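# Architecture at a glance
Residue-level listing of the chains:
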Amino acid sequence: MPSISVTINGTTYTDDVEPRLLFVHYLRDRLGLTGTNIGCDTSNCGACTVMVDGSSVKSCTMLAVQADGTEVTTIQGLADGEWHPLQKAFNTEHALQCGYCTPGMIMASVDLLERNPDPSEEEVRDGLEGNLCRCTGYQNIVKAVRSAAAEMRQQEVGA
Ligand code: FES
Ligand code: FES
């Protein structure tokens, strides 16, 4: 069985894994990082989105063996002493209903705002097109992402 070493939310894990094990199952079932959700079996919903080496990835579309040597952030590693601006904005803008899509939406938004710190409404919608919300909360999700972007730009100026 192959051995992998992967750093997740700042902790390095070394494990033997089945070659066919999906990364999302490694996160949830092996490490107990159940903040990363599974919402489909077709790579469509984005509920399983995490950051791998700085880019958002649907963790159901990669194998655990492919994570070997990477640095990963999941929703559970996003807060740094306090909530990330995106987490705060999703809360204040009521950008969730059942919350099932939220971890994936937030992780995809982290990537989006790294690439475009001041996205238009249209650009947020485009950037999050790989993430589905069954509660159709898109209006407030877009508002939350733009509000977090403004907050992050403000922090950048103050830094
Ligand atoms: S569970 Fe990964 S895209 Fe739906
Ligand atoms: S808040 Fe329920 S799926 Fe998005």
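Located above this text is the structure these notes cover.
In what follows, the accompanying structure is described. (Residues numbered from 1 in each chain as written. Chains lettered and ligands numbered in written order. Predicted model: local features only at pLDDT ≥ 70, side-chain atom pairs only at ≥ 80, totals over all residues. Heavy atoms only, no water.)

### Section: the overall build of the protein chain
Stated precisely, the cut-off is as follows: Only DSSP runs of H or I reaching four residues or more are called helices, and only runs of E reaching two or more are called strands; each is numbered from the N terminus. Radius of gyration here is computed from C-alpha atoms only, and the compact-globule reference equals 2.2 Å multiplied by the residue count raised to the power 0.38.
For the protein chain, the helix and strand inventory stands at five helices and five strands. Walking the protein chain from its N terminus toward its C terminus, one meets helices and strands in the order β-β-α-β-β-β-α-α-α-α. Relative to the globule expectation of 15 Å for 159 residues, the C-alpha radius of gyration of the protein chain, 16 Å, shows essentially globular dimensions. With the C-alpha coordinates of the protein chain rotated into their principal frame, the extents come out at 45 × 35 × 20 Å.

### Focus on the nonpolar core
This is how the line gets drawn: Buried Ala, Val, Leu, Ile, Met, Phe, Trp, Tyr and Cys residues form a nonpolar core when they are joined through side-chain atoms within 4.5 Å. Type-normalised accessible area, obtained with a 1.4 Å probe on protein chains alone, sets the label of each residue: buried when under 20%, exposed when over 50%, and partly exposed for intermediate values. Between two residues, a contact is recorded if the distance between any of their heavy atoms is within 4.5 Å.
Counting residues in each nonpolar core, the largest one holds 24 residues, and the members touching the most others are L86, F90, M105, L128, I141 and V145. When residues of this core are traced back to their parent elements, those giving at least two are α2 (85–92), α3 (102–115) and α5 (138–158). Ranked by residue count, the leading element in this core is α3, at seven residues. Setting aside chain neighbours within four positions, we find F90 in contact with A95, L96, T102, M105, I106, I141, A144 and V145.

### Overview of the packing of α2 against α3
For clarity, the cut-off: Orientation is described by axes fitted as lines to C-alpha atoms, over the contacting stretch for helices, and by angles from 0 to 180 degrees between their N-to-C directions. Each angle gets one of four labels, with under 35 degrees taken as roughly parallel, over 145 as roughly antiparallel, 65 to 115 as roughly perpendicular, and the rest as oblique. Should the near helix be turned anticlockwise from the far one by less than a right angle, the crossing is termed left-handed; should it be turned clockwise, right-handed. Each residue is assigned to one class: nonpolar for Ala, Val, Leu, Ile, Met, Phe, Trp, Tyr, Cys and Pro, charged for Asp, Glu, Lys and Arg, and polar for all the others, Gly among them.
Look at α2 against α3: their axes get within 10 Å of each other, and the N-to-C directions meet at 130 degrees. Between α2 and α3, the crossing angle belongs to the class labelled oblique. Relative to α3, α2 is oriented so that their crossing is right-handed. Packed against α2, whose contacting residues are L86, Q87 and F90, the element α3 presents T102, M105, I106, S109, V110 and L113 at the interface. Counted by class, the contact of α2 with α3 contains six nonpolar, three polar and no charged residues.

### Remarks on the sheet that holds strand β1 (residues 3–8)
Where strands meet in a sheet, backbone hydrogen bonds hold them as pairs that are either parallel or antiparallel. Condition: The rule for pairing is simple: two strands pair if DSSP sees at least two bridges between them.
With respect to topology, five strands assemble into an open sheet ordered β2-β1-β5-β3-β4, the strand pairing being mixed. This sheet does not close on itself; its edge strands, each paired only once, are β2 (11–16) and β4 (55–58). In this sheet, adjacent strand axes meet at a mean angle of 35 degrees when their direction is disregarded. Where strand β3 (residues 49–52) and strand β5 (residues 71–73) come together, two bridges link them in antiparallel fashion. Each residue of the ladder has a partner; that of V52, found in β5, is V72. In the packing of helix α1 (residues 23–30) onto the sheet, contacts are made with β1, β2, β3 and β5, and the angle to β1 comes to roughly 75 degrees. The sheet strands contacting α3 are β3, β4 and β5, and the helix crosses β3 at an angle near 40 degrees.

### Topic: the side chain of S59
As a reminder, the rule being used: Pairs of N or O atoms within 3.5 Å make up the polar contacts considered here, provided that, within protein, one atom can donate a hydrogen while the other can accept it, and that residues adjacent in sequence are counted only when both atoms are side-chain atoms.
One can find S59 in the loop between β4 and β5. Residue classification places S59 among the buried residues on the basis of a relative accessible area of 0%. At a separation of 2.6 Å, a polar atom in the side chain of S59 contacts the main-chain carbonyl oxygen of C48. In this view, S59 contacts F23, V24, L27, T36, C48 and V50; residues no more than four positions away in its chain are not counted.

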